[in-house]
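Structural overview
Chain by chain, the residues:
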Amino acid sequence: MEVLDDQRGLWRLVSFYGFSERSRRRDSWNFIKRLYSSSSLPWVLIGDFNDLLSLEDKRGGAAHPEWCYRGFREVVLECNLHDLYMEGYPFTWSRSKGTLNGVEERLDRALVSSSWLVSFPNARLVNLVAAMSDHSPIQLELEVQVNQFPHRSFHFENCWLREKDLHDVVAVSWADSIGQSIISRLDKCTASLVSWTKNLHYNFRKEIKVCKEMLEELRYKTDIDSVTSFNITKRRLAELLVGEKDYWKQRGKSFWLEDGDGNTQYFHARASARKKANRILRLQDDQGVFHDDVEGIRKVVRDYFLNLFAESPGVYDPVLEVVLEVAESFSALMKDAEERGLIHGVRICRSVPRVSHLFFADGSLLFFQSNNLECAVIKELLGIKSIFSYLKDKVWQRIQLWRKQPLSKAGREILVKSVGQAIPNYCMNAFLLPPSLADEIQKMLNSFWWGSGKEGSRGINWLNWDRMSMRKDTGGLGFHDLFAFNLAMLRN
């Protein structure tokens, strides 16, 4: 369905239902690809996909097949779609909830294109409550009333530096407050600037449009007055373009770019992304209650920091955190295998439950029967890569955030080296990752590196990862071979 918006133009809304049979997953993925290639309009794909993107989308039940995760992710990347964050309860489908066999999954979602996100920066997806169905309805809201906090702090605008009156306003304010404290003089100068800026009305887009129209009209005239007006208007247009660039550059927080870069569209996209990421729609307190009003949000923030600083400071060890995450994941796998009767723990007497594993600070004990079947199960659990799949999920989530920003090749290289390849470092200090997992992470990073970042273009992988992981002086780009890097870290 094509939707015509008076302000944003034409966009496409597609309701989707994915095949529930696992054998037909690829049919659903191919259909999404056909939808993607059928139109260049900004679009939304919303509905029941019967598919999962990460481990966080499922709780309880048997593990979701790895090939399903991988296939769905590849489709989302290839079609340049973004998974719109869903507010509320994290799962949209449940079965036997509250029992030992309960399963919950996030099967319903909204996938949106980058151009649609730019047009609707305040859009939100909300998980509602259903009275009868095992599926929760999801609601897509295009415009959201964002909480406005009063008494905003004073911010100096860089575009003011191009105003001729700025120097006089500051000089007069500073001279009138001679003899006062530095804080009082700064407050007086701030008040003068705030009063002065009330007469400044920056509407760059409108003024630039007017200047261009005037130039188009004057360029055909050759009389002296028209030529003079043409030159004056041309200088004014140049000033407006520079001012617009400074305005959006300051809001985009991209100070690492050179002043000569006049890519205003980039700064606008950065500012829109920061605005969307920085807004607070609601917060949850310690009792699990959500607050969406201004006073409630303030109270939650205030109570959190009061409790935080009231506690005694401790030592934060990120390596220990990773070890605990891995231990919890492996413990869940052992319990699941025991419940399914694949392994049998030990017990000291008839009236106590069986124990299949014990974890200590300096070691672990696993208990099972001494036969080939249970030994094979334990061997599979110890080597299964789902223990470390959370690393792949973290890399995937980072890539989704990066793909929303128009990045250069240099920017992509910095993100891959400094963030993407650094995510598994703590885990690789203590564990040897399965080679297949390291290969899948490298494939995701490789796909992000070669992607053009433009709507409708995935990019071509001109070199394989083996060539790209060579040193720069030998023709590579200096990326890590994760498995070799993992071995080097363990040998240290």
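Residues numbered from 1 in each chain as written. Predicted model: local features only at pLDDT ≥ 70, side-chain atom pairs only at ≥ 80, totals over all residues. Heavy atoms only, no water.

The phi dihedral of Asn 50 falls on the positive side, at around 50 degrees, and the residue is not glycine. Judged by relative accessible area, Asn 50 falls into the buried class, the value being 10%. Unlike most non-glycine residues, Asn 80 shows phi in positive territory, near 55 degrees. Topologically, Asn 80 is positioned in the loop between helix H2 (66–78) and strand S5 (81–83). What makes Asn 80 buried here is its relative accessible area of 9%. (Buried < 20%, exposed > 50% of the residue type's maximum accessible area, 1.4 Å probe, protein only. Helix = DSSP H or I, 4+ residues; strand = E, 2+ residues; numbered from the N terminus.)

Helix length check: helix H5 (residues 182–197) (16 residues) gives 22 Å between terminal C-alpha atoms against 22 Å at 1.5 Å per residue, within 8%. Those residues of H5 that fall on the buried side of the exposure criterion are Arg 185, Cys 189, Leu 193, Trp 196 and Thr 197. Angularly, the buried residues of H5 cover 100 degrees about the axis, an arc narrow enough to put them on a single face. Facing away from the buried side of H5 by more than 90 degrees, the exposed set consists of Ile 183 and Asp 187. In this fold, the buried residues of H5 make contact with helix H4 (166–176). (Expected span 1.5 Å × (residues − 1). Arc of directions from axis to C-beta. Contact = heavy atoms within 4.5 Å.)

What follows concerns the pairing of strand S1 (residues 2–5). Bridge analysis of S1 against strand S2 (residues 9–17) gives four bridges, and the strand direction is antiparallel. Within the sheet, the bridge partner assigned to Leu 4 lies in S2 and is Leu 10. Between S1 and S2, which pair antiparallel one after the other, the connecting turn spans three residues. (Pairing = 2+ DSSP bridges.)

Okay, the nonpolar core next. Grouped together as the largest cluster of nonpolar side chains are 45 residues, with contacts concentrated most on Ile 32, Leu 45, Phe 72 and Ile 399. At eight residues, the largest contribution of residues to this core is made by helix H15 (residues 435–450). Each residue touching Leu 45, except ones within four places of it in the same chain, is listed here: Val 14, Phe 16, Ile 32, Leu 35, Arg 109, Ala 110 and Leu 111. In this structure, Val 44, Leu 84, Leu 117 and Leu 125 belong to the second largest nonpolar core, which totals twelve residues. (Core = buried A, V, L, I, M, F, W, Y, C linked by side-chain atoms within 4.5 Å.)

Moving on: the side chain of Gln 400. If you trace the backbone, Gln 400 turns up in helix H12 (residues 389–402). Look at Gln 400 and you get buried, because its relative accessible area is 10%. Residues contacting Gln 400, with those up to four places away along its chain left out, are Val 76, Leu 77, Leu 81, His 82 and Asp 83.

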